[in-house]
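Structural overview
Take a look at the letters that make up each chain.
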Amino acid sequence: MDPFNTLAPSNTPAAVRLNRHYQNLSLVLLLCGTWLFWASHFHSLFDLIQEYGRFVFLGITGAVFANSTGAGGGVIFIPVFSSLGFTETQSVATSFMIQCFGMTAGAISWSVHYRRQHHQDNLWLSLIKTSSFTAIFSVLGLWTSQLLQLNSPSSLHTSFSIFSIVLGIAIIISSKSSTQITRAIMPVDFLWLAVIGYFGGIITAWLSVGVGELIVIYLLLRRICAKMAVAIGVIVSAITVWSASPIHIFSTNSQALYELVLFAGPGAILGGMLARKLALLLPVKVLKLFFSTWIILTGIVML
């Protein structure tokens, strides 16, 4: 079943196409039912829609950005939450929760693309192995930060601003240096990905964003297939944000705003489904230049 591609190929038998449509409809109904069940735990759904309904578009925007470039949705969520007066803890926790929706949808979508288009492509053969290996170290980094109570060296605003500016410049440089991307991932890359994953996980614990971007930048500089680089960044980010769920989702002390996530989360799922199609339609270089400019401007504004 492919819940992210409702249109089966034209040469697919009619019975198979019809079965896929029923499966997709069943999935949509299941998701809607789950959302209504969750919404029923709040006091007034009408009041919630009036106050938080607009955050559906925030979820879509953040997830499209995150899953089409490999950059985490926190790049969009953190500035918005800061402008709304959220505390640093609320901003990070809420961003983590929304990304659990959007990055998961994106990771599934990219995995489906790999299974359908590249499972016999030599340049893509290491997708699952590379993603799994890097995610292990990213999760270790995130929990190292949590268990040892490693704090960000400065405030969230300053850390995020500096990180955004450096990230944006790095993306521009990597875009200019990736005109001929033909390499497969080599054994030495796993050593560097372990280091990047670990320290990226620590940064992600502080900012809710970081590891995916660092991975994509490294892979592009190493002239790895750009689309696979984005897919790896998305998959690792999805695993990393879910590894923090005992803190930001299932903990009674979570500072996340669940009412906001109730609307931004489904939006992030939709954005995660659309992002892969956008990334495949547009040249990666154009996407990188556009979003890197946006990231740099965001960082400057928040300084």
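Here the residue numbering is sequential within each chain, running from 1 through the sequence in written order. Owing to the predicted nature of the model, reporting of local features is limited to residues with pLDDT of at least 70; listing and counting of side-chain atom pairs is limited to 80 or more, with chain, interface and lining totals taken over all residues. Only hydrogens and water are set aside when side-chain values are computed; all heavy atoms of the structure are taken into account.

Unusually for a residue other than glycine, glutamine 149 sits at a positive phi of about 55°. Within the secondary structure layout, glutamine 149 lies in the loop between helix H6 (127-147) and helix H7 (156-176). Partly exposed residues are those whose accessible area sits between 20% and 50% of the maximum for their type, while under 20% is buried and over 50% is exposed, using a 1.4 Å probe and protein chains only. Since its relative accessible area comes to 64%, glutamine 149 is described here as exposed. In this structure, serine 208 is a non-glycine residue whose phi angle is positive, near 70°. The numbering of helices and of strands both runs from the N terminus, where a helix is a DSSP run of H or I of at least 4 residues and a strand a run of E of at least 2.

On to the packing of helix H9 (residues 211-221) against helix H10 (residues 226-243). Note on definitions: angles span 0 to 180 degrees between N-to-C directions of axes, and those axes are lines fitted to C-alpha atoms, for helices only across the stretch in contact. Running from amino to carboxyl end, H9 crosses H10 at an angle of 155°, the nearest separation of the two axes being 8 Å. Between H9 and H10, the angle is such that the two are roughly antiparallel. Taken as a pair, H9 and H10 cross one another with a handedness that is right-handed. In contact with Val211, Gly212, Ile215, Val216, Leu219 and Leu220 of H9, H10 contributes Ala226, Ala229, Val230, Ile232, Gly233, Val236, Ser237 and Thr240. Each angle gets one of four labels, with under 35 degrees taken as roughly parallel, over 145 as roughly antiparallel, 65 to 115 as roughly perpendicular, and the rest as oblique. Note on convention: the crossing is left-handed when the near helix lies turned anticlockwise from the far helix by less than a right angle, right-handed when the turn is clockwise. We call two residues contacting when some pair of their heavy atoms lies within 4.5 Å.

As a further point, take the packing of aromatic side chains. Stacked, tilted and edge-to-face pairs are distinguished by plane angle, under 30 degrees for stacked and over 60 for edge-to-face with tilted covering the rest, among Phe, Tyr and Trp rings (Trp via its six-membered ring) whose centres lie within 6.5 Å. Under the definition given, this model contains 7 aromatic pairs. Measuring from centroid to centroid gives 6.5 Å for tyrosine 114 and tryptophan 124, while their planes differ by 15°, and the two rings are stacked. One end of the pair, tyrosine 114, is in helix H5 (residues 88-118); the other, tryptophan 124, is in the loop between H5 and H6, with 10 residues separating them in the sequence. Note on accessibility: tyrosine 114 and tryptophan 124 belong to one class, buried.

It is worth spelling out the environment of isoleucine 169 at this point. In this structure, isoleucine 169 sits in helix H7. Isoleucine 169 sits in the partly exposed class, given a relative accessible area of 45%. Note: C-alpha distance between isoleucine 169 and leucine 289 (120 residues apart in sequence) is 9.5 Å.

All right, on to the pattern of salt bridges then. Pairing between side chains of opposite charge can happen when their charged atoms approach one another. We define a salt bridge as a contact between a side-chain nitrogen of Lys or Arg and a carboxyl oxygen of Asp or Glu at a distance within 4 Å. One pass over the structure, following the stated rule, counts 2 salt bridges. As a salt-bridge pair, aspartate 189 and arginine 183 come within 3.5 Å of each other at their nearest N and O atoms. With a relative accessible area of 0%, aspartate 189 lands in the buried category. A residue is classified by how much of its surface remains accessible, and arginine 183, at 23% relative accessible area, is partly exposed. Between arginine 222 and aspartate 189 there is a salt bridge, and its shortest N-O distance comes to 2.7 Å. Linking arginine 222 in the loop between H9 and H10 with aspartate 189 in helix H8 (residues 187-207), this pair joins segments that are 33 residues apart in sequence. Since its relative accessible area comes to 29%, arginine 222 is described here as partly exposed. In this structure, a network of salt bridges that share partners links the residues Arg183, Asp189 and Arg222.

On to a nonpolar patch on the surface, then. Put simply, a patch holds well-exposed residues, over 30% relative accessible area, that have no salt bridge, with like charges counted together within 9 Å and Val, Leu, Ile, Met, Phe, Trp or Tyr side chains within 5 Å. Throughout, the Shrake-Rupley method with a 1.4 Å probe supplies accessible areas, and for residues the shown protein chains are the sole cover considered. Nonpolar side chains collect at one region of the surface, where Met186, Val188, Leu191, Trp192, Val195 and Phe199 lie side by side and expose about 590 Å² of accessible area between them. With respect to the helices and strands, the residue valine 195 is situated in helix H8.

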